[in-house]
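Listed below are the residues making up each chain.
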Amino acid sequence: MRVPTLFKFAAAVAALSFAALAPAQNYKPEYKMSLVVGTAFPWGKGGEIWANLVRERTNGRINIKLYPGVSLVQGDQTREFTAIRQGVIDMAIGSTINWSPQVKELNLFSLPFLMPDYAAIDALTQGDVGKHIFTTLDKAGVVPLAWGENGFREITNSKHEIRTPDNLKGLKIRVVGSPLFLDTFTALGANPTQMSWADAQPALASGAVDGQENPMSIFTAAKLQNVGQKYVTMWHYVADPLVFVVNKDVWASWTPADQAIVRQAALDAGKEEIAIARKGLDEPGQPLLKEIAALGVTITELTPAEREAFVKTTRPVFEKWKPQIGAALVDSAEKAIAARKK
Ligand code: X2X
């Protein structure tokens, strides 16, 4: 009796070590990466860089395919997070705005006029606030790996220059994601309507909406000047970081060595993506703005006093949302920003 039992045990051990030696047999032939925009945009380029680094460094064991246009959730970017958690999507680089309906802490970055400059974004994402948000994302059911950036979101429209909150009165503005955006634009006297990025472009083209808010890298790659967006105001009211994440079951199916490769590749791709997203905007003279102006677009820079009028008008929205996001989190974000190296 003892011998067969021992034999069975030995066979089980052998089977287990075989599985450990040949992990690739549990791997999928292809992993689906969700993105809102494609490789013409810094965001999509970040996805391409991540996928290529992983393919090279795993010798093709992990093969990632890009699905831009959030096509795995039929273009509805606010459903992306749930789809990652459920495994419809294997991995993603997502905007904090699009995931904020499911993870309320992500609304932090959409608080009007919280982050005045790039150093302020970095102070949050690269510090304790960023760590806290990663813990929150982990609890919400995904594996967060690295930060990227969509960028400072500037207001554009087809009607007239915006220099004061009054200039926004009655303008139909497309917004995305969280109800926080509806509150901000309502406070400014505009007429906000929520729709996906896929629906926004035809709505701008037909004049169903007058304006929108997005980073300048999105403006140029999507050629928003061709859908009537002739006025841009550089108000830097919010910025959306991007987050590189993997579905939990997919993550658990990889060997620790491959997990380390995917994580490092996300960190490397994130760093590169942030540099691409800031190109032409964080250097003296802001050459990207000159290129956009040359297309016949009016670019309005606000004086500190003009900007302050927008800050003041939206302050009640900031105060309303602070407890919903977490007062302690908002306080530590403000402290980290005040202490930033400029
Ligand atoms: O829909 C948008 O405005 C975009 C592309 O910036 C996001 O996905 C947040």
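Everything discussed here concerns the structure shown above.
The rules we used
Residues numbered from 1 in each chain as written. Predicted model: local features only at pLDDT ≥ 70, side-chain atom pairs only at ≥ 80, totals over all residues. Heavy atoms only, no water. Phe/Tyr/Trp six-rings, centres within 6.5 Å; stacked < 30°, edge-to-face > 60°. Helix = DSSP H or I, 4+ residues; strand = E, 2+ residues; numbered from the N terminus. Buried < 20%, exposed > 50% of the residue type's maximum accessible area, 1.4 Å probe, protein only. Lys NZ or Arg CZ within 6 Å of the ring centre and 35° of its normal. Axes fitted to C-alpha atoms, helices over the stretch in contact; angles between N-to-C directions. Parallel < 35°, antiparallel > 145°, perpendicular 65-115°, else oblique. Contact = heavy atoms within 4.5 Å. Nonpolar A, V, L, I, M, F, W, Y, C, P; charged D, E, K, R; others polar. Pairing = 2+ DSSP bridges. Right-handed = clockwise from strand over helix to strand, strands pointing away. Near = heavy atom within 4 Å. Polar contact = N/O pair within 3.5 Å; in protein donor to acceptor, adjacent residues only side chain to side chain. Areas by Shrake-Rupley, 256 points an atom, 1.4 Å probe, with all protein chains shown as cover. Core = buried A, V, L, I, M, F, W, Y, C linked by side-chain atoms within 4.5 Å.

Points about the packing of aromatic side chains
And step 1. Within this structure, the stated rule accounts for 13 aromatic pairs.
And step 2. Ring centres of Phe185 and Tyr237 lie 5.7 Å apart, and the angle between their planes is 75°; this geometry places the pair in the edge-to-face category. A residue pair is termed long-range when its members are at least 10 positions apart, and Phe185 in helix H7 (residues 179-187) and Tyr237 in strand E8 (residues 231-247) qualify at 52 residues.
And step 3. On the basis of relative accessible area, Tyr237 is assigned to the buried category, the value being 1%.
And step 4. For the ring pair Trp251 and Trp254, a centre distance of 6.0 Å and an interplane angle of 65° mean the geometry is edge-to-face.
And step 5. The exposure class assigned to Trp251 is buried, which follows from its relative accessible area of 12%.
And step 6. With a relative accessible area of 3%, Trp254 lands in the buried category.
And step 7. Geometry around Phe318 places Arg315 over its ring, the cationic atom sitting 3.9 Å from the centre.

A few points about the packing of helix H13 (residues 304-325) against helix H14 (residues 327-338)
And step 1. Where H13 contacts H14, the two axes come as close as 6 Å, and the packing angle between them is 120°. In terms of their interaxial angle, H13 and H14 are classed as oblique. Contact residues: H13 offers Arg315, Phe318, Lys322, Pro323 and Ile325, while H14 offers Ala327, Leu329, Val330, Asp331 and Glu334.
And step 2. For the contact of H13 with H14, the per-class residue count stands at 6 nonpolar, no polar and 4 charged.

Thoughts on the pairing of strand E6 (residues 191-194)
And step 1. In the sheet, strand E5 (residues 172-175) pairs with E6 via 4 bridges, with the strands oriented parallel. By the bridge assignment, Ile173 is partnered in E6 with Pro192.
And step 2. Note that the unit made of E5, H7 and E6 has a crossover that is right-handed.

Focus: the site of the ligand
And step 1. Around the ligand, a shell composed of Val36, Trp43, Gln77, Ser95, Asn98, Asn150, Arg153, Arg174, Val176, Trp197, Asn214 and Asp240 is seen.
And step 2. At 2.9 Å, a side-chain N or O of Arg153 approaches an oxygen atom of the ligand.
And step 3. Contacts to the ligand include Arg174, whose side-chain N or O atom sits 2.8 Å from an oxygen atom.
And step 4. Burial of the ligand by the protein chains amounts to 100% of its free accessible area of 270 Å².

So, the environment of Ala83
And step 1. Mapping Ala83 onto the fold places it in helix H3 (residues 80-86).
And step 2. C-alpha of Ala83 to C-alpha of Ser34: the two residues are 49 residues apart in sequence and 9.7 Å apart in space.
And step 3. With sequence-adjacent residues up to four places away left out, Ala83 is seen in contact with Val73, Val88 and Ile89.

Section: the nonpolar core
And step 1. Counting residues in each nonpolar core, the largest one holds 90 residues, and the members touching the most others are Trp50, Leu108, Met115 and Leu137.
And step 2. Other than its neighbours up to four places away in sequence, Leu137 contacts Phe81, Trp99, Val103, Leu106, Val142, Pro144 and Val243.
And step 3. Among the nonpolar cores identified, the runner-up in size contains 19 residues, and Ile162, Phe181, Phe185 and Phe310 belong to it.

Comments concerning the side chain of Ser110
And step 1. One can find Ser110 in the loop between helix H4 (96-99) and helix H5 (118-125).
And step 2. Filtering out sequence-adjacent residues up to four positions away, Ser110 remains in contact with Ile97, Leu180, Phe181 and Val238.

Here's the deal with the pairing of E8
And step 1. Most of E8 is tucked away, with 15 of its 17 residues classed as buried.
And step 2. Summarising the sheet, strand E3 (residues 91-95) and E8 pair through 5 bridges and their orientation is antiparallel. Bridged to Gly94 within E8 is Val243.
And step 3. Taken together, the 13 bridges between strand E4 (residues 142-157) and E8 define a ladder with antiparallel strand orientation. Considered in E8, the bridge of Val142 is made with Asn247.

Concerning unusual backbone geometry
If a residue is not glycine, its phi is most likely negative; likewise, a peptide bond is most likely trans.
And step 1. Phi is positive for Val70, close to 40°, though the residue is something other than glycine.
And step 2. Mapping Val70 onto the fold places it in the loop between strand E2 (64-67) and H3.
And step 3. A residue is classified by how much of its surface remains accessible, and Val70, at 2% relative accessible area, is buried.
And step 4. Positive phi values are uncommon outside glycine, yet Gln74 reaches one of about 50°.

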